[in-house]
Amino acid sequence: MRDPGARASSTPLVGGSAEPTLRDLSAPGRQAWSLPDLDVPRRNLDLPEMADAPPALPEVAERDLVAHFTRLAHRNFGVDLGAYPLGSCTMKYNPKVCDWAAELPGFRDLHPSAPAQLTQGILEAVVEAERILCELTGMSRASFQPPAGAAGELTGLLIMRAYHQEKGHPRHKVVIPDASHGTNPASVTLAGYEAVSVPSNAKGMVDIDALRAVVDEDTAGLMLTNPNTLGLFEEDIEVIAQIIHEVDGLVYYDGANLNAILGVVRPGDMGFDIVHSNLHKTFATPHGGGGPGSGPVAVVERLIQYLPGPIPTPAGDGAIVWEQPAASIGRVHGNHGNMLVVVRALTYMLALGGPGLERVAQRSVLNARYLEHLVGKEYAIPYTAPCMHEFVASAENLKKETGIRAMDVAKALPDYGFHAPTVYFPLVVDEALMLEPTETESPETVEALAKALLEIADVARQDPEYLHDAPHHTPVSRLDDAGAARSPVLTWFMEDSQ
Amino acid sequence: MDFTPHSDADVTRMLGILSLERPEDLFSHIPEHARLDGALDLPTPLSEPEVMARIGGMSARNTAGLTCFAGGGIYDHYLPPVVRALTMRPEFVTSYTPYQSEVSQGVLQVLYEFQSMVAAITGLPIANASLYDGPTAGLEAVNLAVAATRRSEVWVSRGLNPHTREVIETFAHARDLTVIEHPIVGGRTAWAHDAPGEPAAMVFGQPNYLGVIEDYDEAVALAHDKGALAIAAVDPIMLGTLRSPGAAGCDVAFAEGQPLGNPMSFGGPVVGLFAVTEKLMRRVPGRLSGRTVDRFGRTGYTLTLRTREQDIRREKASSNICTNQTLNAVAAAIHLSWLGPNGIRETANQSIQKAHYLAKRIEQIKAVHIGVDSAFAREFPVLLPLDPDEVVLAMAERGYLAGIPLPHHYPDLPGGLLVAVTEQRTKEDLDGYATALEEVIADA
């Protein structure tokens, strides 16, 4: 077996046999739980709808469950183990001081219905985070109710809808570039709109003529990421915004790539009207294996009245009160949003301050540009514009020469101690490898990542079979995804019925 | 603070290799007039001790130490230290959505076990890998029903959590759905059996928002008679002792999953639970972790039935959800495995017993009544002779978070205060609460 010979994290995942499930570890009579005896007189309440037996949960001892979940953790890669260049996901280092902040009892143990008089501290945190976010995006006010990016998109589209509705008609179409994230068109449908796709041009940017051709009085707005999903700054952004504004449409900023422009240029100054940010990307809150995130939506002055509410707002006497925007679209979360994620993000913002936030943009672009430079000779870069915080390379040449595809390259990287890049996205690039090193990786790590990518290309030429079978140093390799979808087994109960 | 590793020399060296002079040159292709020319009004950087002092000060300005009698979906149950210790493993905390299954077996297997245990408590065979919270899970349930029945009317009980109803209303408005509310009488839903219309779904809480145990058989039979899906919003801890929605014949169950493994967290991040019958499997929103084998035949787990999802299906996806609440689901799975069948049942039973003890004590207070005449579980409305918002503030001075004032959502319950009890409340807490409430009313 090849020894990739990088850092200690090269083979962080313990291979070998499978970890049993909790059900395998269960035996009748085992117990981890412990509660005091009931200290009020037990009465026969004779309640309706009582179950005959308790639910069929496993019975495991605490020692066994601790070993189980710890071993499962060993079978998972995370940013704390090594570089995670998963494009469009901004997997940067998550500072521990932010975790500390979210664990403070004064935040953690608060019930959401506690009145504002008893929760001034967390409301102050939200107000401060809102102020900084608006300053960075060039917006006027924000709501932190949306619990993730996709929820932010939907919220923004409902604001768009409310804006047009008030003028008499909600309109039917929302324009999105063909390279957009899948959440964009899915959110458009959920908001009751029809998604109209606009192609990118040879430079990897929105085709202005094609945009003009689809925009009319029935266009509610446009959703755009800038830098776009190719990692390129849309140079004609002001023209794009103008085209939409000419028909009184609204321009929506998908904040997936906000990291690249912090303190450099603001969506508000480019002509955007609605901005969602992903606190779990740009503001370093941990992604938790797929959440919790936070997708606050910020808007320009004329759209404040539509924001989901209520929103914490400083009153005249300095106290912070909950205020409902005048024409609010309503509630988009059961409570106030992912508040502890906001606390983490605020901690990050305050630690970095203005200069630190600007440095985030600079160094994320510097690292991406450096990595692009180091691997560009082997993996073609289909567009000539300089990349921002991420770039899309193509394994098309490698595939023609060796049969090794982008997926194989991605599957080989974990053997070198790195997470895989995003592959086959955006769809406009064949054999796409989307790499985002983020600003928190050292030059040495970027160089080691580049070295691994180049070595994989060498291996592709010498021993393609080896790569077809990669990864070799992980607990499992090349799972049968098709089989999983053909005969789904989603719970223990489905195992039994097979 | 600075979390970038680069020294100035590193930056200079890298820029040199890229044939650039200054860091600003990295942005020279951005139209100059769009670029910021002056510094923004952003805070001055702080050292770590300074940040901790600043944030610690904000935390201290909250009154979090009150003995909690508030519920409405978010409950103050006992959280064993083992849940935080394991949930905060950096491999779980700092990983992305498990698209690359080879390096994500830990999260994928936990999600598979989470799905299995959510299926176990709901009595339904299929559960997903989490949604944002209870109310947004309710919206997804309505979306599923609308798609499955191709109908556009939804019947909801007024006993459904008002925030869930508001979230449904927000989206119903945009989607041209008609939401018809059915009243509660004496605390229970009085379904209008003869109401016209073809509902896609009938949605109700079990127990409902006022804590009352609804009649499953009536709701499920009526829903199915109308060709609608029966959708129950459940309390996961109460499923330790109540009949499961699956056993009762419901098609979909959803829940605010916070009581499983998650602190109250000012209402978020929490976790939405979502379970369905096998027939509805391909309409489930969100992630699903499935069991499969690798190229050596070893058992492994992978995200599956992906053709439902937004990144594959785009505008035709069953939902737009991408990032969900995985870490909160991990916490829920650990807590459920710690509780087991008997722990969850004992937690449920103690909460119910203590709630009924407290209700008896409160009933003895002059001019105070229990606001329902139906059987309730661990939560109940109290009707006070005073403004409940004022009572909450007065009770806070005595060390209690007294409950959730109801008139904002139920104007027909003036003086209403929703009181929730968990197994954590001792007899001393319960007696102390009743005494304090009596004092507050006597002082008024």
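Small disclaimer: the values here were computed from a predicted structure and weren't measured.

What counts and how
Residues numbered from 1 in each chain as written. Chains lettered and ligands numbered in written order. Predicted model: local features only at pLDDT ≥ 70, side-chain atom pairs only at ≥ 80, totals over all residues. Heavy atoms only, no water. Axes fitted to C-alpha atoms, helices over the stretch in contact; angles between N-to-C directions. Helix = DSSP H or I, 4+ residues; strand = E, 2+ residues; numbered from the N terminus. Parallel < 35°, antiparallel > 145°, perpendicular 65-115°, else oblique. Left-handed = near helix turned anticlockwise from the far one by under 90°. Contact = heavy atoms within 4.5 Å. Nonpolar A, V, L, I, M, F, W, Y, C, P; charged D, E, K, R; others polar. Pairing = 2+ DSSP bridges. Polar contact = N/O pair within 3.5 Å; in protein donor to acceptor, adjacent residues only side chain to side chain. Buried area = accessible area lost by both parts, 1.4 Å probe. Salt bridge = Lys/Arg side-chain N within 4 Å of Asp/Glu carboxyl O. Phe/Tyr/Trp six-rings, centres within 6.5 Å; stacked < 30°, edge-to-face > 60°. Buried < 20%, exposed > 50% of the residue type's maximum accessible area, 1.4 Å probe, protein only. Lys NZ or Arg CZ within 6 Å of the ring centre and 35° of its normal. pLDDT = per-residue confidence, 0-100. Expected span 1.5 Å × (residues − 1). Bend = angle between axes of the 7 residues up to and from the residue.

Trainee: Which residues make up the packing of helix α11 (residues 388–397) of chain B against helix α12 (residues 427–443) of chain B, and what are the values?
Mentor: Residues and elements named next belong to chain B. Between α11 and α12, whose axes approach to 10 Å, the crossing angle comes to 120°. By the criterion of interaxial angle, the relationship of α11 to α12 is oblique. The two elements α11 and α12 meet at a crossing, and its hand is right-handed. Listed contacts from α12 to V391, A394 and M395 of α11 are Y433, A436, L437 and V440. Looking at side-chain class alone, the contact of α11 with α12 contains seven nonpolar, no polar and no charged residues.

Trainee: Please give an account of the sheet that holds strand β10 (residues 272–276) of chain B that cites residues and values.
Mentor: Residue and element names in this part refer to chain B. Pairing within the open sheet is mixed, and its seven strands lie in the order β2-β10-β9-β8-β7-β3-β4. Here the strands that pair on one side only, and so sit at the sheet edges, are β2 (126–127) and β4 (178–182). Strand direction decides the pairing type here: strand β8 (residues 229–234) and strand β9 (residues 252–256), joined by four bridges, are parallel. From the neighbouring strand, A232 faces β9, where its bridge partner is A253.

Trainee: How would you sum up the environment of Y357(B)? Please name residues and give values.
Mentor: Residues and elements named next belong to chain B. By secondary structure assignment, the location of Y357 is in helix α10 (residues 326–363). In this structure, the C-alpha to C-alpha distance between Y357 and E428, residues 71 residues apart in sequence, is 12 Å. There is a polar contact of 2.6 Å between the side chain of Y357 and the side chain of D431.

Trainee: So what about the interface of chain B and chain A? Which residues, and what values?
Mentor: Counting residues at the interface gives 183 residues for chain B and 200 residues for chain A. With both sides pooled, the region where chain B packs onto chain A buries about 16,600 Å², and carbon together with sulfur makes up 64% of that total. The tally of links from chain B across to chain A stands at 13 salt bridges. For R291(B), the salt bridge goes to E495(A), with nearest N and O atoms at 3.4 Å. Per-element tally for the side of chain B that touches chain A: the top contributor is α10(B), with 25 residues. Its residues assigned to classes, the side of chain B that touches chain A shows 89 nonpolar, 57 polar and 37 charged.

Trainee: Give a description of the packing of aromatic side chains that names residues and reports values.
Mentor: Here the structure, examined in full by the defined rule, presents 15 aromatic pairs over all chains. The interplanar angle of 15° and the centroid separation of 6.2 Å between the aromatic rings of Y348(A) and F3(B) together place this pair among those described as stacked. Within this pair, whereas Y348(A) is found in helix α11 (residues 339–375), its partner F3(B) is found in the segment before α1 (8–17), the two belonging to separate chains. Of the two residues, Y348(A) and F3(B), both sit in the buried class. Members of the aromatic cluster, connected to one another through ring pairs, are Y93(A), Y348(A) and F3(B). Over the ring of Y75(B) we find R378(B); its NZ or CZ atom is 3.6 Å from the centre of that ring.

Trainee: Explain the confidence of the model for chain A to me, and be specific about the residues and the numbers.
Mentor: Caution is warranted with low-pLDDT regions, since their predicted coordinates should not be read in detail. Taken as a whole, chain A shows an average pLDDT of 94; of its residues, 96% reach a score of 70 or greater. Contacts from residues 5–12 of chain A, a stretch scored under 50 in pLDDT, to residues over four places away or in other chains number 13 contacts.

Trainee: Residue-level account of α11(A), with values.
Mentor: Residues and elements named next belong to chain A. In a regular helix each residue adds 1.5 Å, so 37 residues correspond to 54 Å; α11 covers only 40 Å between its end C-alpha atoms and thus falls short of that length. The sharpest bend along α11 measures roughly 100° and falls at G353, with the proline P355 sitting one to four residues further on. In terms of burial, α11 is a largely internal element, 31 of the 37 residues being buried.

Trainee: Account for unusual backbone geometry, naming residues and giving values.
Mentor: Negative phi characterises most residues that are not glycine, and trans characterises most peptide bonds. Here G291(A) and P292(A) are connected by a cis peptide whose omega angle stands at 10°. Along the chain, P292(A) turns up in the loop between β6 (274–277) and β7 (297–299). For the bond running from G268(B) to P269(B), omega is 10°, close enough to zero to count as cis. In this structure, S19(B) is a non-glycine residue whose phi angle is positive, near 60°. Residue placement: S19(B) occurs in the loop between α1 and α2 (48–60). Judged by relative accessible area, S19(B) falls into the exposed class, the value being 65%.

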